[in-house]
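# Coordinates in review
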Amino acid sequence: MREMVERLIGLVAAGPVAVARVVDTTGAGPREIGAAMIVTASGEVFGSLSGGCVEGAVVETARAVLRDGAAVTERFGYAAADAMAVGLTCGGEIEVFVERVDAARLPELSAVRAELAAGRPVALATVLDSAGEWKVLRPGDSGAWRGVERDAAASLAAGRSGIVGTEECAAGRPRVFVQVWAAPARMILAGANEFVRALSRTGRQLGYRVTVVDARETFATPARFPAAHDVVVDWPHRYLAAEHAAGRVDAGTVVCVLAHDQKFDVPMLAAALALPDLAFVGALGSRRTHAERLARLREEGVPEAALRRLRSPLGLDLDARTPEETAISIAAQILADRNNATARPLIHLDGPIHR
């Protein structure tokens, strides 16, 4: 729903809309918790909940919600491909909460937008009843709220969306959907060439906050890397050390060295491999370059255990040639590592596709 916040702010200024969100899933499902769809009074639809399996039914529910004003919860389960029933052919179940959103929600929407723009984690808690009360949650917030404040805070701290509370509304703990937007993970790219430019675009599309860093002022310019959030002129290893000291590098951070210059590569990789909590450390280059780089890193005193964390030569075997193809190859390896996946073709595997 991150991309929906801005759209919602623009739409509700013209009148109420219905918003449907996936608040719970069981088994296989086409979309993750938090997927959203907007239906306007004129019948326009933005977003998707299931890739087409249940959208028609949800649109009808959205029209009723717009008319009556009361939020509703619906659950969709398995339906055979040739069945007339509305459901998911993938075999899972999803719970969808549909509510009317109007200009009265602008303070909460604007607060969420401000936190997202600043790169800070934020959550929107929604009571799953006919009124659909909202509350914006930020790290460190205190005070009681509907008896679920501690569970909601834990969801925000974990960066995980989901339902907290119970059905026992009389006990002060209603079911509440906590939709979390964690601060985006960082991708730090050392170098200032065409491969960096391509990977900066792909990294941004994957939701990373992308930083390009290079010591050469002539090459490291925002105009050359428009997809990057930040373009920094500095020695990459010095920049990484400063960011780590400032607490802006964490276990979600990806570091890729694509400079093809030993005087940049080796110090940056030595600095990155000295930080054991980084999510991913990779370096572009041929096998010969990799062997020479390993020898230099050993000379710098980098231990063998740290060298085993280095993903080099960087990328999956896609026979990638162009910068754009190489960026896809690298991004695929990062995703596979992040999700502990095999990176093998699905046709050669069995079992659930989404684990």
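Residues numbered from 1 in each chain as written. Predicted model: local features only at pLDDT ≥ 70, side-chain atom pairs only at ≥ 80, totals over all residues. Heavy atoms only, no water.

## So, the overall build of the protein
Along the protein, the regular secondary structure elements total 10 helices and 15 strands. If you line up the protein on its principal axes, its C-alpha atoms span 70 × 50 × 40 Å. When burial is assessed residue by residue, the protein has 43% of its 355 residues classed as buried. For the protein, contacts bridging at least 24 residues in sequence account for 57% of all contacts bridging at least 6. In the structure as shown, the protein presents an accessible area of about 17,700 Å², 51% of it carried by carbon and sulfur atoms. The protein carries 40 positive and 43 negative side-chain charges, and their two centres are separated by 4 Å. (Helix = DSSP H or I, 4+ residues; strand = E, 2+ residues; numbered from the N terminus. Buried < 20%, exposed > 50% of the residue type's maximum accessible area, 1.4 Å probe, protein only. Contact = heavy atoms within 4.5 Å. Areas by Shrake-Rupley, 256 points an atom, 1.4 Å probe, with all protein chains shown as cover. Lys, Arg positive; Asp, Glu negative; His and termini not counted. Charge placed at Lys NZ, Arg CZ, Asp CG, Glu CD.)

## Some thoughts on the environment of Phe46
Counting through the fold element by element, Phe46 comes out in strand β3 (residues 45-47). A relative accessible area of 17% places Phe46 in the buried class. Considered as a pair, Phe46 and Val19 are 27 residues apart in the sequence and their alpha carbons are 9.6 Å apart. Those residues in contact with Phe46 that sit more than four places away from it in its chain are Met4, Arg7, Leu11, Ala36, Met37, Ile38 and Thr40.

## Description of the pairing of strand β7 (residues 134-137)
Pairing analysis gives four bridges linking strand β6 (residues 122-127) to β7, with the strands arranged antiparallel. Paired with Ala123 across the strands is Leu137, a residue of β7. The antiparallel pairing of β6 with β7 creates a hairpin that spans six residues between the two strands, and Gly132 there sits at a positive phi of about 60°. (Pairing = 2+ DSSP bridges.)

## Some thoughts on the sheet that holds strand β2 (residues 36-40)
Reading across from one edge, β3-β2-β1-β5-β4 is the order of the five strands in this open sheet, with antiparallel pairing throughout. Two strands close off the open sheet at either side, each with one partner strand: β3 and β4 (72-76). Each strand axis lies, on average, 20° off the axis of its neighbour in the sheet, ignoring direction. With five bridges connecting them, β4 and strand β5 (residues 93-101) associate as antiparallel partners. By the bridge assignment for β5, Phe76 is matched with Ile94. Here helix α1 (residues 2-12) sits on the sheet and contacts β1 (17-26), β2, β3 and β5; the angle it forms with β2, its principal contact strand, is near 15°. (Axes fitted to C-alpha atoms, helices over the stretch in contact; angles between N-to-C directions.)

## Some words on the UniProt feature "domain: XdhC Rossmann" (unreviewed entry) in the protein
Taking the numbering used here, the UniProt-annotated feature "domain: XdhC Rossmann" (unreviewed entry) corresponds to residues 187-334. A distance of 10 Å separates the end C-alpha atoms of residues 187-334, which is 43% helix and 16% strand. (UniProt positions renumbered as here; feature names shortened; annotations may be inferred.)

## A word on the confidence of the model for the protein
Here the protein averages 89 in pLDDT, and 91% of its residues register 70 or above. Low confidence marks residues 80-90, where pLDDT is under 50. Its contacts with residues over four positions away, or in another chain, come to 28 contacts. (pLDDT = per-residue confidence, 0-100.)

## Details of the domain arrangement of the protein
The domain architecture assigned to the protein consists of domain 1 (1-183) and domain 2 (186-339). Centre-to-centre, using C-alpha coordinates, domain 1 lies 36 Å away from domain 2. (Domains from an automatic or database assignment.)

## Brief notes about the side chain of His290
Residue position: His290 is located in helix α8 (residues 287-299). Not counting the four nearest positions on each side in its chain, His290 is found in contact with Leu310, Ser312 and Pro313.

## A word on the nonpolar core
Within the largest apolar cluster, 24 residues are counted, with the highest numbers of intra-cluster contacts made by Ile188, Leu240, Leu273, Leu297 and Leu310. Within the residue set of this core, elements represented by two or more residues are β10 (186-190), α6 (236-245), β13 (254-257), α7 (262-273), β14 (280-283), α8 and α9 (304-307). Sorting elements by how many residues they give to this core places α7 first, with five residues. Setting aside residues no more than four positions away along its own chain, Ile188 makes contact with Thr211, Val213, Tyr239, Leu240, Val249, Thr253, Val254, Val255, Cys256 and Met268. Counting residues in each nonpolar core, the second largest holds 21 residues, with Phe46, Val101, Leu109 and Val122 among its members. (Core = buried A, V, L, I, M, F, W, Y, C linked by side-chain atoms within 4.5 Å.)

## Side note on the pairing of β6
The buried fraction of β6 amounts to six of the six residues, a majority that puts the element mostly inside the structure. Alternating positions in β6 separate into two faces, Val122, Leu124 and Thr126 on one and Ala123, Ala125 and Val127 on the other, with burial throughout. Taken together, the six bridges between β6 and strand β9 (residues 176-181) define a ladder with antiparallel strand orientation. Among the inter-strand pairings, Ala123 is bridged to a residue of β9, identified as Val180.

## Structural notes on the packing of aromatic side chains
As enumerated under the stated definition, the model contains one aromatic pair in all. Measuring from ring centre to ring centre gives 5.0 Å for Trp235 and Phe264, while their planes differ by 35°; the resulting arrangement is tilted. Of this pair, Trp235 sits in the loop between β12 (230-233) and α6 while Phe264 sits in helix α7, placing them 29 residues apart in sequence. On the basis of relative accessibility, which here comes to 31%, the residue Trp235 falls in the partly exposed class. Here the basic side chain of Arg105 rests over the ring of Trp134, its NZ or CZ set 4.4 Å away from the ring centre. (Phe/Tyr/Trp six-rings, centres within 6.5 Å; stacked < 30°, edge-to-face > 60°. Lys NZ or Arg CZ within 6 Å of the ring centre and 35° of its normal.)

## Thoughts on the pattern of salt bridges
It is possible for side chains of opposite charge to pair when their charged atoms get near one another. Across all of its chains, the model carries 25 salt bridges by this definition. Glu95 serves as the salt-bridge partner of Arg175, at 2.9 Å between the closest nitrogen and oxygen. With Arg175 in the loop between β8 (162-164) and β9 and Glu95 in strand β5, this pair connects stretches of sequence that are 80 residues apart. Residues Arg175 and Glu95 agree in their burial class; the two are buried. The partner of Arg105 in a salt bridge is Glu99, with the nearest N and O atoms 3.9 Å apart. Residue class for Arg105 comes out buried when judged on its relative accessible area of 14%. The class of Glu99 is buried, set by a relative accessible area of 2%. Taken together, the shared-partner salt bridges connect Asp24, Arg75, Glu93, Glu95 and Arg175 into one network. (Salt bridge = Lys/Arg side-chain N within 4 Å of Asp/Glu carboxyl O.)

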